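Summary of structural features
Here is how the chains run, residue by residue.
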Amino acid sequence: MLLAGAGLSQFIPGDFGGGIGLAGFLAVAFPYIQKFILHAFDFNLTEYCTQFFADNTFLGKLFEGNFAVGTGVGVVSIGAAFGFIQRMWTHFWQWYIRYFSMTVKIPISDESYQDVLNWVRERQVKNAKHSTLETGTKQCPISGKYESVHELIPEVSNFKFWFRGRQFEIDQRVADSTDCMLVSTTGHGSNAIFKDMLVEVKKYKEVKNEGKTVIYNGNSGYWHCGNGGGKRKRPLESVILEDGVAEFFLEDIQDFKDSAKWYTEFGIPYRRGYLLHGPPGTGKTSFISALAGHFDLNVCILNLGQKNLTDESLNQMFIDAPENSMILLEDVDAAFGNRADDKSKDGVEKLLAGASADDGPEARNTLSFSGLLNAIDGVASAEGRILFMTTNYVEKLDSALIRPGRVDAKQYIGNATESQVERMFRRFNAACSDKDAERFVRAIFDRPERPDVSLAQLQGLFLRFKRKPADIFSGLSTLYE
Ligand SMILES: Nc1ncnc2c1ncn2[C@@H]1O[C@H](COP(=O)(O)OP(=O)(O)OP(=O)(O)O)[C@@H](O)[C@H]1O
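Residues numbered from 1 in each chain as written. Predicted model: local features only at pLDDT ≥ 70, side-chain atom pairs only at ≥ 80, totals over all residues. Heavy atoms only, no water.

We now examine empty space enclosed by the protein. The final tally for this structure, using the stated rule, is two cavities of 30 Å³ or more. Taken together, Leu241, Glu242, Val245, Gln411, Tyr412, Ile413, Gly414, Asn415 and Gln420 form the lining of the second largest cavity. When its residues are assigned to classes, the lining of the second largest cavity shows four nonpolar, four polar and one charged. (1 Å grid on protein atoms, 1.4 Å probe; cavity = no way out; pocket = protein on both sides within 12 Å on 5 of 7 lines; lining within 4 Å. Points joined across faces, edges and corners; volume = space filled by probe spheres on them. Nonpolar A, V, L, I, M, F, W, Y, C, P; charged D, E, K, R; others polar.)

What follows is the structure, encoded as structure tokens:
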């Protein structure tokens, strides 16, 4: 009967459908409800109801003392009334929400999207009912060992939380074909409460990322930084470069940061671009990350070779780059070599980055070279933007990409020089003598064939012999393996 009631309610329109469904339920449940009330409260519901059907009562006359029929009709009426009230309440609530609630829509492309999510998750992490497991690694500050840590990331769709004595609700959805998050609270008047909330979110982010560099990865047209927050800043001294290189960049970037007014006065777009080029493993990326740490900037890394990157999404990402960030385009040659090599026809510059013509349309990157140049030059791009590009093959780059205005300073970062080898040796062997350092340098540079060595190779050697540094001389040949 219960199922029949529920099924029937689907076909009966309006409030009565729900009511009849409920009536079916009550009819089945009535004996049990009656038993429960009798045991719990020593109250006989049947006896109590029967008195209403006595011959001299209105109901008694109406149903001619037929208690069963009377009860049935009564139950159905209660169900219908309940359904009606429920429906009215829903209408009222929707109306109330519409007129007495405030909402803020945060598109996924907005840098606060992830911050708000992280902030809410942190507040709710202890009592979330539904979560997603994220297993990561963490370094123990005492032993230095990496251990796996399990984090339960609360799901925040249709999620409620309290802030300043008010209840808020978060709903992750798609609105106007954009992924977004809707934050709402009841009440009317000023929406300053949302601004307060965002100030709180910003503070939370600053505290969480203190002493860290946040790395954003450009993917699917948005910048993502994940839940983990930032990475510990890399000290500048840990990157061993040729004399004068670090000093040049420190001075140039500082000067740029101090010159906003100058750029405005001269009507020059306030942005600066740098290109670091040289063989692999020489410290280009490490240096950029250390510079970002030094200037308290975050790094937005973008791989131009990724699929589905279009002219529009690249341009939008340049515009949406989170504040206080530098943008890093790594291995820029991998996406766009010299345009003389490409197969563009009739002036159409759609390049098939990382894909051959035989790979099929889905493998093609729909980013064009002119799209990249437009994004770099974009008038709407963030003011004060610092752009770094790296490549192992500078000769492959189109001169248009690295002309002044797009790239203001180029720097070759080469394989290890004698001075760099010595400094690295001393860094990994703090207690070494001058004689040992000299011997190590000579062992590398006096080899008859003298192949070039990158700093990454050297680092690998020191890691291999970190427990037996005295054996490093006999193990030098492993450097070239
Ligand atoms: N000049 C350097 N000083 C200190 N460490 C270095 C240096 N160069 C490389 N390394 C070490 O080698 C590893 C690779 O360095 P990094 O990724 O910065 O090189 P890269 O030049 O960006 O390489 P690629 O061109 O292949 O991207 C890192 O772990 C880094 O610590």
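Further notes follow.
Around the ligand, the structure places 16 residues, and the nearest of them are Ile240, Lys284, Thr285, Ser286 and Gln459. Backbone polar atom of Thr282 to an oxygen atom of the ligand: 3.0 Å apart, as the coordinates give it. Protein contact buries 80% of the 620 Å² of open area that the ligand shows by itself. Taken together, the elements giving at least two residues each to the shell around the ligand come down to helix H10 (284–294) and helix H16 (455–464). Across the shell around the ligand, the residue classes break down as six nonpolar, eight polar and two charged. (Near = heavy atom within 4 Å. Polar contact = N/O pair within 3.5 Å; in protein donor to acceptor, adjacent residues only side chain to side chain. Areas by Shrake-Rupley, 256 points an atom, 1.4 Å probe, with all protein chains shown as cover. Helix = DSSP H or I, 4+ residues; strand = E, 2+ residues; numbered from the N terminus.)

Turning our attention to the packing of aromatic side chains. One pass over the structure, following the stated rule, counts 24 aromatic pairs. With a centroid separation of 6.4 Å and 55 degrees between ring planes, the pair formed by Phe425 and Phe473 is classed as tilted. Separated by 48 residues along the polypeptide, Phe425 in helix H14 (residues 418–428) and Phe473 in the segment after H16 bring together distant segments of the chain. Phe473 shares its class with Phe425; the two are buried. A connected cluster of aromatic rings, assembled from ring pairs, spans Trp119, Phe161, Phe163, Phe168 and Phe194. (Phe/Tyr/Trp six-rings, centres within 6.5 Å; stacked < 30°, edge-to-face > 60°. Buried < 20%, exposed > 50% of the residue type's maximum accessible area, 1.4 Å probe, protein only.)

With that settled, the discussion passes to the packing of helix H11 (residues 311–320) against helix H13 (residues 369–377). Relative orientation of the contacting elements H11 and H13 amounts to 20 degrees, with a least axis distance of 9 Å. The angle between the axes of H11 and H13 places the two elements in the roughly parallel class. In this structure, H11 crosses over H13, and the sense of that crossing is right-handed. Seen from H11, the contacting residues are Asp311, Leu314, Asn315 and Phe318; seen from H13, they are Gly371, Leu372, Asn374, Ala375 and Ile376. In the contact of H11 with H13, the residues fall into five nonpolar, three polar and one charged. (Axes fitted to C-alpha atoms, helices over the stretch in contact; angles between N-to-C directions. Parallel < 35°, antiparallel > 145°, perpendicular 65-115°, else oblique. Left-handed = near helix turned anticlockwise from the far one by under 90°. Contact = heavy atoms within 4.5 Å.)

Next up on the list: a negative patch on the surface. Where like charges cluster on the molecular surface, the negative patch consists of Glu247, Glu251, Asp255 and Asp258. Tracing the backbone shows Asp258 in the loop between helix H8 (245–257) and helix H9 (260–266). Take Asp258: its relative accessible area is 56%, and that puts it in the exposed class. (Patch = residues over 30% accessible without salt bridge, like charges linked within 9 Å, V, L, I, M, F, W, Y side chains within 5 Å. Salt bridge = Lys/Arg side-chain N within 4 Å of Asp/Glu carboxyl O. Lys, Arg positive; Asp, Glu negative; His and termini not counted. Charge placed at Lys NZ, Arg CZ, Asp CG, Glu CD.)

This next bit is on the layout of surface pockets. By volume, the second largest pocket is sized at about 500 Å³. Considering the residues around the second largest pocket, the lining is formed by 20 residues, among which Lys202, Lys205, Glu206, Asn298 and Asn324 are closest to the centre. Of all elements in the fold, only helix H6 (112–124) and helix H7 (192–208) reach the threshold of two or more residues within the lining of the second largest pocket. With five residues, H7 is the largest single contributor of residues to the lining of the second largest pocket. Taken together, the residues that form the lining of the second largest pocket break down as five nonpolar, five polar and 10 charged. For the lining of the second largest pocket, the two domains that each supply at least three residues are domain 2 (108–208) and domain 3 (231–412). (Domains from an automatic or database assignment.)

This part is about the nonpolar core. Counting 29 residues, the largest nonpolar core has Leu304, Leu314, Leu329, Met389 and Leu401 as its most contacted members. Contributions of two or more residues to this core are made by strand E12 (298–302), H11, strand E13 (325–329), helix H12 (332–335), H13 and strand E14 (385–391). With five residues, the top contributor of residues to this core is H13. Ignoring anything within four residues of it in the chain, the contact list for Leu314 reads Leu302, Leu304, Leu309, Leu367, Gly371, Leu372 and Ala375. Counting residues in each nonpolar core, the second largest holds 25 residues, with Phe256, Ala290, Ala292 and Ala409 among its members. (Core = buried A, V, L, I, M, F, W, Y, C linked by side-chain atoms within 4.5 Å.)

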